[in-house]
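# Descriptive structure summary
Listed below are the residues making up each chain.
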Amino acid sequence: MRVTNSMLVSNFLHNLNTNMNKVSKLQTQLSSGRKFASISDDPVSTMYSMQARFRLDNLARYQESVKMTKSWLTQAETSVFDLNEVYKSAYETVIDAATDIKTPEDRRIMAAYIGQLRDHVLQTLNSTFGNKYIFAGFNTTGSYPGNQLEPPYKVDQLTGDLWLSGLNITRYVPNYDPAYDLTLTRADIGYNAIKEKASMNVRLLAEKAAQKLVPAYDPTYNSSLLMGEAGFDKDKLNAYNDYIDARDQYIDDYNEDFALNGAEYQALFEKLEVEQIEFWVGTGTKMDAVLSSFGLVGTGPENLYSMLDNLYNDLMHGQSVPHIQNAYITQLQNMQSGLLAKSAELGGRMNRLDMLTNRYEMDFINYTQLKSDAEDADLAELIMNFSMAMNVYNAALSSGAMVIQKSLVDFIR
Amino acid sequence: MIRPTFYGLEIAKTGLYMSQLGMDVTAHNIANVDTPGYTRQRVVTQSIDPFNALYRLKPLNTYKVGGGVELKILDQIRDEFLDWQFRNEQSDYSKWATRAQGLRYIEPLYDEFSGGGPLRVAITELFDAFSELSRNPSDREPREAARQAALTMIEAFQQTYSNLLVQRDVQNQAIKGTADAINDITEQIAMLNKTINNYEYENPMHMANDLRDKRNLLLDQLSALIDIKYEPANGYVNITTADGISLVNGLHVNKIEARLDEDPITKDANSYYRLFLVDTNSALPSETELTIKNVKGGELAGHLQLRDNDGASNPGVPYFMDRLNVLANAIAKEINAIHSMGYTFPGSENGVALDKSHNGVAFFEFDITKGICDANGNINFKLSEDILESVWNIACSDEPIDLDDPITAKGGNNRIALLLEELINSTTLDTIGNIFSFMTTVTVEVAGAIKHAASIADSLGANLLNIDNNRTSISGVSLDEEMTNMIKYQHSYDASARMVTAMDEMLETLINRMGVVGR
């Protein structure tokens, strides 16, 4: 083949350029530490790298989720622990009270203690994580009738019933006869009226009377006095009648507001029972971050709160020892075992979360390894290749310099 | 019969002339050693026959000598087949090189490893925000964060899409520029056709070597712009497109007209160049539109493909625009479908209470037929009015919320937020399947298309260099060879001059020294 000057030059340039490209590519890899400078250098590694990055992002989200779920459950665990303490104390007090040695005065002191426990139960049921109630299903915010915050668990001042999100826990019995009438009657209030607490409620009415909401009522007034008899006071009779009217009005309002029959109550109960606040803790895996409230306090007249309330009243009003023994010891034992079951469930979830945390840590290492394999350059190999490419480049330069500068011209005189 | 007296001088003179001519041609070759497209020329000589008339009457035993040397032809050394091969290869090469280069401009939009490609991160952050929302559905901050993440994602979409629009417009302008360059070259070729034809008609023994070099160079350049067929005829070269539509016919040029029209993809009026090859030579003027279907090679094919091809094989910019639209559409559609099942939160905005909790609220607004945005910056992919009005309109709950009613105060209901979050792992999204496998596929498609085009261009480039080497091996000037020729002609000139001197001395002898006996 005939070799011409422009051939030499263009070949030389082409090869030089190819070498320079190689050097430049290696140099980019060296300085960036990455295997490819742009995605088109290595579409396959790009794919692996994107998959690894996607998994790492997913993982980060689940790790965060697991962390948050754990915080929620830790809060619930604390509360369950609190309730357990309440059970224990209540149980000890009942055992203590269920002897004839105790005087009515002792019992009243015990009642005061039980009263404290009862109030602590309400407070625990309304415990929050951040600004969210954690034992009330979806009702984490509480409600705001008239812009007044009402926590999910509240106690009706007149009847002493425990309510959760519109469900009267005290009066509700699960799977009860749907025809069961849940309306409030005078007797419900009358029953309480003989108790210490009821007189407190009557005092509440008196307070309202002071605000002109209901007339004042004097509980010492005997309404059976006939007109004209000694001690008859027209004003007091009027006030008493007004109180009766106000009470009836209250009952009417109450029944109107919560005019639910047994079936509706059952539906509401079932709905509340499945209101679990769940978070994704893995692909396709959700976990409940709260506890079903009914499992904690129970339902019906024998729920923890109402039971303590009754115990309080019974102790206050000197109920007999056998009554207290019969009514409360077994109940407390049963409920405590229920609580222990909840506690075990919580522990189980915490364990699962711990396992997930560990697994995600392992996954993180794995995916980071995958990402590194796809993206990161092997420095030792690179440096070898780089110096080889440099050698070739240098050789090309010096040979080119030798070939190109000489021609026959240099040898003709 | 005697020999003419000055015959020998005449012979020596032809030798002198020819050596001079050879010297000139050598000088011309050396002077053009670096001229692009220059073909080395050579002097082809032939010996002059003895006079024919004398030859016929020659007596016996009389030797007849030829009359010296004369020029047979001054031609150039060129291999037409290599030219053809080179131009063929060049059309292919420049198509793929153009593709690779054009695609490299859009590569950074997908290359998150080099700091580009904002899309994947933005989408991930939206779903992170949904995750946070599922944990705090009743708080304002995570709602703000979710709305912000959605806005950022839309921005990333819009940024990527408008960059694609810009790159497409670059191709559109390049198409016009290429058409102009083709017209320019064909016109020059037609002019050279005329000059070469005239020159060679007037000088039948002379080729218009340097003009032919110019024309060949133009043909080389033309083949880089568009795939052509050509054939020489009577000193002309006639050029047609690969489909056989005439570009240059002798002295006549058919020009490619670039006319502005409505863009078939973005529907913008007067923004899209359509190319028409107008044949004005025949009796019935006809015009043919040049599209990706009938232009298969050259830069023009590359630009047309990049601007117009919306298919997945050898994709152009419209394909990636379409992928982006499909992705945005799937995200908008699937999120809307779930979101509109959910109920808003009865919050208040600037102290004014919002509507009570209701469902049927869309999250995004997007009409896929309009595209994510247009060249004028009008964005068609956006948040719905409701979401823009208030973050409380983001629906996380699957049942109505009424904070005044303890039964329906379901502020903690996060079922819709959970469904939204889980969309990221869904594999049954509209058209795309899974968001990230779709994005990975598109990114790999971009990377693959570039790598494919670049590696084809590389190998064609090496081929082209090889062919060009073969060509220069034949046609290129070798300085060593020219130096050798220079010495050759120098010596032959010297020798012919010496012949003249010798002849002169012989004549001296004949004229001045003969017949002087006894003088």
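Structure: see above.
The paragraphs below set out a description of the structure included in this document. (Residues numbered from 1 in each chain as written. Chains lettered and ligands numbered in written order. Predicted model: local features only at pLDDT ≥ 70, side-chain atom pairs only at ≥ 80, totals over all residues. Heavy atoms only, no water.)

## With respect to the overall build of chain B
Along its length, chain B carries 12 helices and 13 strands. Here the C-alpha radius of gyration of chain B, 40 Å, is well above what a compact globule of 519 residues would show, namely 24 Å. C-alpha atoms of chain B, sized along the principal axes, occupy 160 × 50 × 35 Å. Here chain B, with 519 residues, has 50% of them falling under the buried criterion. Taking the intrachain contacts of chain B between residues at least 6 apart in sequence as the baseline, contacts between residues at least 24 apart amount to 67%. Looking at chain B as shown, the accessible area adds up to about 24200 Å², and 53% of this sits on carbon and sulfur atoms. (Helix = DSSP H or I, 4+ residues; strand = E, 2+ residues; numbered from the N terminus. Rg over C-alpha atoms; globule rule 2.2 N^0.38 Å. Buried < 20%, exposed > 50% of the residue type's maximum accessible area, 1.4 Å probe, protein only. Contact = heavy atoms within 4.5 Å. Areas by Shrake-Rupley, 256 points an atom, 1.4 Å probe, with all protein chains shown as cover.)

## Points about the overall build of chain A
Secondary structure summary: chain A contains 11 helices and 7 strands in total. When each of the 413 residues of chain A is scored for burial, the buried share is 42%. Considering only contacts in chain A between residues 6 or more positions apart, those separated by 24 or more positions represent 74%. Of the roughly 21200 Å² of accessible surface on chain A, a fraction of 55% belongs to carbon and sulfur atoms.

## Observations regarding the interface of chain A and chain B
Listed per partner, the contact involves 62 residues of chain A and 63 residues of chain B. Between chain A and chain B, roughly 5300 Å² of surface is buried when both sides are summed, and carbon and sulfur atoms account for 57% of that area. Counting the contacts that link chain A with chain B gives 8 salt bridges. In this structure, D139 of chain B and K132 of chain A form a salt bridge, with 2.9 Å as the shortest nitrogen-oxygen distance. Between chain A and chain B we count 29 residue pairs in polar contact (both at pLDDT 80 or more) in total. (Buried area = accessible area lost by both parts, 1.4 Å probe. Salt bridge = Lys/Arg side-chain N within 4 Å of Asp/Glu carboxyl O. Polar contact = N/O pair within 3.5 Å; in protein donor to acceptor, adjacent residues only side chain to side chain.)

## Regarding the sheet that holds strand β5 (residues 167–168) of chain A
Residues and elements named next belong to chain A. Strand order across the open sheet formed by 3 strands is β3-β4-β5, with antiparallel pairing between neighbours. Single-partner strands in this sheet number two, and they are β3 (153–155) and β5. One ladder, built from 3 bridges, connects β3 with strand β4 (residues 162–164); its direction is antiparallel. Note that in β4 the partner of Y153 across the bridge is L164. Contacting β3 and β4, helix α3 (residues 104–125) runs over the sheet at an angle of about 150° to β3. (Pairing = 2+ DSSP bridges. Axes fitted to C-alpha atoms, helices over the stretch in contact; angles between N-to-C directions.)

## Side note on a nonpolar patch on the surface
All names here are of chain A. Residues V3, L8, V9, L13, M402, V403 and I404 make up a contiguous nonpolar surface patch of about 610 Å² in total accessible area. Elements that contribute at least two residues to the nonpolar patch include exactly α1 (5–32) and α11 (379–405). Relative to the helices and strands, L13 is located in helix α1. (Patch = residues over 30% accessible without salt bridge, like charges linked within 9 Å, V, L, I, M, F, W, Y side chains within 5 Å.)

## Points about the sheet that holds strand β8 (residues 272–279) of chain B
Residue and element names in this part refer to chain B. The strand order β7-β8-β9 describes an open sheet built from 3 strands, whose pairing is antiparallel. Each edge of the open sheet is held by one strand with a lone partner, namely β7 (256–261) and β9 (286–290). Across the sheet, the mean angle separating the axes of adjacent strands is 35° when strand polarity is ignored. Two strands pair when backbone bridges link them, and β7 and β8 are joined in this way by 6 bridges, in the antiparallel orientation. For I256, the partnering residue across the bridge sits in β8 and is L277. Against the sheet, helix α5 (residues 140–202) engages β7 and β8, with an angle of about 20° to β8. The strands touched by helix α7 (residues 298–308) are β8 and β9; relative to β8, the strand with the most contacts, the crossing angle is about 140°.

## A short note on the side chain of S473 of chain B
With respect to the helices, strands and loops of the structure, S473 of chain B is situated in helix α11 (residues 435–475). When near neighbours in sequence (up to four residues on either side) are disregarded, S473 of chain B contacts M1, R2, T4 and M7 of chain A.

## Digging into the pairing of strand β5 (residues 246–249) of chain B
All names here are of chain B. Sheet topology note: the strand β4 (residues 236–241)/β5 ladder contains 2 bridges and is antiparallel. Bridging from a neighbouring strand, I239 pairs with V248 of β5. Where β4 hands over to β5, the hairpin turn is made up of 4 residues, of which G244 adopts a positive phi near 90°. Here β5 pairs with strand β6 (residues 252–253) via 2 bridges, running antiparallel. Within β6, the residue paired with V248 across the bridge is V253. Between β5 and β6, which follow one another and run antiparallel, lie 2 residues, and G250 among them has a positive phi close to 60°.

## Points about α11 of chain A
Residues and elements named next belong to chain A. Look at α11: 38 Å from first C-alpha to last across 27 residues, which is about the 39 Å you get at 1.5 Å a residue. Among the residues of α11, L382, A389, Y393, A396 and G400 are the ones counted as buried. The elements touched by buried residues of α11 are α1. (Expected span 1.5 Å × (residues − 1).)

## Describing the packing of helix α8 (residues 317–339) of chain B against helix α10 (residues 415–422) of chain B
Residue and element names in this part refer to chain B. The N-to-C vectors of α8 and α10 enclose an angle of 165°; their axes lie 9 Å apart at closest approach. The orientation of α8 relative to α10 falls into the category roughly antiparallel. The way α8 lies across α10 gives a crossing that is right-handed. In contact with I335, I338 and H339 of α8, α10 contributes I416, L419 and L420. (Parallel < 35°, antiparallel > 145°, perpendicular 65-115°, else oblique. Left-handed = near helix turned anticlockwise from the far one by under 90°.)

## Section: the environment of N270 of chain B
Residue and element names in this part refer to chain B. Note on placement: N270 falls in the loop between β7 and β8. Using a relative accessible area of 56% as the deciding quantity, one classes N270 as exposed. Spatially, the C-alpha atom of N270 lies 74 Å from that of A495, the residues being 225 residues apart in sequence. Contacts of N270, omitting those with residues within four sequence positions, involve L260, D261 and E262.

## Some remarks on unusual backbone geometry
Residues other than glycine seldom take positive phi values, yet N147 of chain A does so here, at roughly 60°. Tracing the sequence through the fold places N147 of chain A in the loop between β2 (132–133) and β3. Accessibility expressed as a relative area gives 73% for N147 of chain A, which makes it exposed. Although it is not a glycine, N270 of chain B adopts a positive phi angle of roughly 50°.

## Examining the pattern of salt bridges
Residue and element names in this part refer to chain B. The full count for this structure, using the stated rule, is 49 salt bridges over all chains. Residue R104 pairs with E107 through a salt bridge whose shortest N-O separation is 3.8 Å. In this pair, R104 and E107 both sit in helix α3 (residues 80–110), 3 residues apart, roughly one turn of the helix. In this structure, the salt-bridge partner of E144 is R147, at a minimum N-O distance of 3.5 Å. Here E144 and its partner R147 are both found in helix α5, 3 residues apart, which amounts to about one turn of the helix. You can call R147 buried: its relative accessible area is 17%.

## Re empty space enclosed by the protein
One way to see where empty space is left: roll a probe the size of a water molecule over the atoms. Residues and elements named next belong to chain B. Applying the stated rule across the entire model yields 7 cavities of 30 Å³ or more. Forming the walls of the largest cavity are 15 residues, and the residues nearest its centre are Y110, L119, R120, M439 and T443. Looking at the lining of the largest cavity, the elements with two or more residues in it are α3, α4 (118–135), α8 and α11. No other element matches α11, which puts 4 residues into the lining of the largest cavity. Residues that form the lining of the largest cavity fall into these classes: 9 nonpolar, 3 polar and 3 charged. (1 Å grid on protein atoms, 1.4 Å probe; cavity = no way out; pocket = protein on both sides within 12 Å on 5 of 7 lines; lining within 4 Å. Points joined across faces, edges and corners; volume = space filled by probe spheres on them. Nonpolar A, V, L, I, M, F, W, Y, C, P; charged D, E, K, R; others polar.)

## Brief notes about the environment of D430 of chain B
Residues and elements named next belong to chain B. Checked against the element boundaries, D430 lands in the loop between α10 and α11. What makes D430 partly exposed here is its relative accessible area of 24%. C-alpha of D430 to C-alpha of Y319: the two residues are 111 residues apart in sequence and 18 Å apart in space. Setting aside residues up to four positions removed in sequence, D430 forms contacts with N329, A330, K333 and E334.

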